[in-house]
Amino acid sequence: MERGKEASYSQSCRHRLASRFPSAKVSTSVMVVVLLSLLTFKWTEFMSVASYAYNSATFNSVKQVGDEDEFAFGILGVPWCRTRTKNMVNWTRAELLQELFVFVEIYKTRPIVNNSNGMGFDHSFGLWFIARKLQPVLAIESGVFKGHSTWVLRQALPNVPIVAISPKHPGHYARKGSAYVDPNCQYFTGRKFTDFEDIHWSSVLTEHNVTDASAVLIFFDDHQNQLRRIEAVRKFGFQHLVFEDNYDTGTGDHYSMRQICDQYHVPGGGHDCSDGEHEALVRMRRQGRWEKAINISELCGDDGDWWGVQGYARDNFGHKHRKIPHSQHFENGRYVEEILDAYWEVPPAASPLLTDQTRYDPARTVSPILLSGDQALFQELGLEDVPRNAFNAYTQMAYVKLLIPTDPEEDLLYQQVPSD
Ligand SMILES: C[S@@+](CC[C@H](N)C(=O)[O-])C[C@H]1O[C@@H](n2cnc3c(N)ncnc32)[C@H](O)[C@@H]1O
Ligand SMILES: *[C@@H]1O[C@H](CO)[C@@H](O)[C@H](O)[C@H]1NC(C)=O
Ligand SMILES: *[C@@H]1O[C@H](CO)[C@@H](O)[C@H](O)[C@H]1NC(C)=O
Ligand SMILES: *[C@@H]1O[C@H](CO)[C@@H](O)[C@H](O)[C@H]1NC(C)=O
Ligand SMILES: *[C@@H]1O[C@H](CO)[C@@H](O)[C@H](O)[C@H]1NC(C)=O
């Protein structure tokens, strides 16, 4: 047995035990709160949104079976990617709210009104917000579909060139309905389609006069294993990434940041596959209420493997999948923690009590920008005019900031996803 395996197995046993004793969990939460207060004290300039997101993560498992509210956020845990640097984004709820007022008006002018199978309102806002905050000199997107996300990027970055990668050119969809083709975009589509990992990025950057890869924003909506994508971007020094489909553990068609960071040692992370346990009971009740909520038998394989999707790291729209041992999942989490500078999940715009969304389960989600009592604000924002189904596509979109690799060999110290 390799060392990594031993370490992670003892780790997993310890946390399995800990999770059986609510008091142990509570004290972990208390510790996290204390730690956070210290951090907040030291990093006042970095606080707010991240700590507000962390708050919902610390509610994990403290509530008793029976008193959960179907609209309560974070009660089944919100695993959060930890970062070696402990840095957090400094975006506040006030800024999100202010930007939401601007974005609702922009969203009304979208060229693709029905973007089913693509981005809805929450992620469109998230991408626009992040792009505006970062002001990159170039944006790259992988996974274009009809071009809605290209349009969102263009609204945030009026003068910045975009590079878009997808098997089909978005114009292809114009024949059947609406599509968006951008005039200042280099399309790697159709016969020019090349997967992100095979593009000669140094030449493309040179073509666009970009000398600093850390001034580029990359948006991934291509349903590929996100650990594989991270390994690829690091080779070129890219730092700023947004992952659209950041699927929760047990769901989705590719290994995601959220899945990678769902670990026993992370607040809100790890699962107990035993029937009759707290989590199993809560999940069973929620399954009937939220379309994306899954029960414990869907979360856990027959062998009790819960990480990824029943112990599998899925890839390429689920066409590929590989069973990985817990030791490897653990190492993947450690690897990501070592190379991450910041991690932030876009909060949903508003509580399902306001949006009537029926799909994502709030129990596994960070608190929304507008809480259930913010009815007046919801109306004032004009969110009532947004079609109800535009709130149904939320999957924890994440902004991920990577550290610049210092030692090119450093990545090799960690066990990585084996290629097929
Ligand atoms: C969910 S859709 C993207 C939705 C879009 N971003 C939007 O605005 O709503 C996924 C897209 O990824 C494309 N795709 C499939 N494999 C890909 C790959 N290897 N690289 C980039 N795009 C890929 C699909 O053809 C599809 O257009
Ligand atoms: C937030 O962080 C960015 C980048 O680190 C910095 O430029 C900006 O001034 C910060 N804003 C606030 C309000 O602290
Ligand atoms: C949106 O488009 C999808 C597929 O293109 C279709 O199934 C659905 O009925 C449409 N929805 C609305 C509200 O038009
Ligand atoms: C890049 O810079 C050169 C020299 O300044 C200029 O001629 C060219 O138009 C620029 N290209 C782009 C895509 O901005
Ligand atoms: C779990 O959910 C699946 C899919 O909805 C269902 O087929 C199965 O019967 C459920 N199992 C339990 C134990 O509720």
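Rules used throughout
Residues numbered from 1 in each chain as written. Chains lettered and ligands numbered in written order. Predicted model: local features only at pLDDT ≥ 70, side-chain atom pairs only at ≥ 80, totals over all residues. Helix = DSSP H or I, 4+ residues; strand = E, 2+ residues; numbered from the N terminus. Buried ≥ 20, exposed ≤ 12 C-beta atoms within 10 Å, placed from the backbone. Contact = placed C-beta atoms within 7 Å. Axes fitted to C-alpha atoms, helices over the stretch in contact; angles between N-to-C directions. Left-handed = near helix turned anticlockwise from the far one by under 90°. Nonpolar A, V, L, I, M, F, W, Y, C, P; charged D, E, K, R; others polar. pLDDT = per-residue confidence, 0-100. Parallel < 35°, antiparallel > 145°, perpendicular 65-115°, else oblique. Pairing = 2+ DSSP bridges. Core = buried A, V, L, I, M, F, W, Y, C linked by C-beta atoms within 7 Å. Arc of directions from axis to C-beta.

1. Some words on the overall build of the protein chain
Part 1: Summing up its helical and strand segments, the protein chain has 15 helices and nine strands in all.
Part 2: Looking at the protein chain as a whole, 46% of its 420 residues are labelled buried.
Part 3: Partitioning the intrachain contacts of the protein chain with sequence separation of at least 6 by distance along the chain shows that 69% fall at a separation of at least 24.

2. Observations regarding unusual backbone geometry
Part 1: One non-glycine residue, F145, lies in positive phi territory at about 55 degrees.
Part 2: Secondary-structure assignment places F145 in the loop between β1 (138-142) and α6 (148-156).
Part 3: Taking the C-beta count within 10 Å as the criterion, F145 has 21 such neighbours and is therefore assigned buried.
Part 4: Even without glycine at this site, Q310 takes up a positive phi of about 50 degrees.
Part 5: Classification of Q310 as buried rests on a count of 20 C-beta atoms within 10 Å.

3. Section: the environment of C185
Part 1: Looking at where C185 falls in the secondary structure, it is placed in strand β3 (residues 185-188).
Part 2: A tally of 20 C-beta atoms within 10 Å means that C185 is categorised as buried.
Part 3: Each C-alpha atom, one on C185 and one on V163, is 5.5 Å from the other, the two residues being 22 residues apart in sequence.

4. Here we look at α6
Part 1: Burial of α6 is extensive: eight of the nine residues sit out of reach of the surface.
Part 2: All of the buried residues in α6 are H148, S149, T150, W151, V152, L153, R154 and A156.
Part 3: Those residues of α6 hidden inside the fold are in contact with α5 (121-134), β1, β2 (162-165), β3 and β4 (216-220).

5. A look at the packing of α5 against α6
Part 1: Where α5 contacts α6, the two axes come as close as 8 Å, and the packing angle between them is 35 degrees. Handedness of the crossing formed by α5 with α6: right-handed. Every residue of α6 that contacts α5 at S124, L127, W128, A131 and R132 is listed here: S149, V152, L153, Q155 and A156.
Part 2: For the contact of α5 with α6, a count of residues per class yields six nonpolar, three polar and one charged.

6. So, the environment of P111
Part 1: For P111, the position within the fold is in the loop between α4 (93-107) and α5.
Part 2: A count of 14 C-beta atoms within 10 Å places P111 in the partly exposed class.
Part 3: A C-alpha to C-alpha distance of 6.9 Å links P111 and A179, two positions 68 residues apart in sequence.
Part 4: Once residues within four sequence positions are removed from consideration, P111 is found in contact with W151, S178 and Y180.

7. Overview of the confidence of the model for the protein chain
Part 1: Put simply, the protein chain has an average pLDDT of 85, and 80% of its residues get 70 or more.
Part 2: Low pLDDT (under 50) marks residues 1-65, which in the prediction has 85 contacts with non-local residues, meaning those over four places away or in another chain.
Part 3: Confidence drops under pLDDT 50 across residues 412-420; counting only partners more than four residues distant or on other chains, this segment forms 12 contacts.

8. Considering the packing of α4 against α5
Part 1: Here α4 crosses α5 at 115 degrees, and the two axes come no closer than 10 Å. Relative to α5, the element α4 is oriented roughly perpendicular. At the point where α4 passes α5, the crossing takes the right-handed sense. Counting all contacts with α4, which are made through L96, E99, L100, F103 and Y107, the residues of α5 involved are F121, S124, F125, W128 and F129.
Part 2: Grouping the constituent residues of the contact of α4 with α5 by class yields eight nonpolar, one polar and one charged.

9. Side note on the environment of E70
Part 1: With respect to the secondary-structure elements, E70 resides in the loop between α3 (49-57) and α4.
Part 2: Considered as a pair, E70 and P362 are 292 residues apart in the sequence and their alpha carbons are 7.7 Å apart.

10. Overview of the pairing of strand β6 (residues 312-315)
Part 1: Strand direction decides the pairing type here: β6 and strand β7 (residues 320-323), joined by four bridges, are antiparallel. What sits directly across from A313, in β7, is R322.
Part 2: Adjacent in sequence and paired antiparallel, β6 and β7 are bridged by four residues, among which N316 carries a positive phi angle near 45 degrees.

11. Some points on the nonpolar core
Part 1: Grouped together as the largest cluster of nonpolar side chains are 79 residues, with contacts concentrated most on A131, A139, L153, I218, V242 and V400.
Part 2: When sequence neighbours within four positions are dropped, the list of residues in contact with V400 reads L241, F243, M257, L340 and Y343.
Part 3: Among the nonpolar cores identified, the runner-up in size contains five residues, and I296, L299, C300 and W306 belong to it.

12. With respect to the sheet that holds strand β5 (residues 240-243)
Part 1: Taken in spatial order, the seven strands line up as β3-β2-β1-β4-β5-β9-β8 in an open sheet, and their pairing is mixed. The sheet terminates laterally at β3 and β8 (340-345), the two strands that pair on one side only. For this sheet, the mean angle separating the axes of adjacent strands, direction not counted, is 15 degrees.
Part 2: Alignment of β5 against strand β9 (residues 398-402), held across four bridges, turns out to be antiparallel. Among the inter-strand pairings, H240 is bridged to a residue of β9, identified as K401.

13. As for helix α8 (residues 226-234)
Part 1: Residues Q226, L227, R229, I230 and V233 constitute the buried set of α8. End-on view of α8: buried residues confined to an arc of 155 degrees, all on one side of the axis.
Part 2: Considering only its buried residues, α8 is in contact with β4, β5, α9 (257-261) and α13 (326-339).

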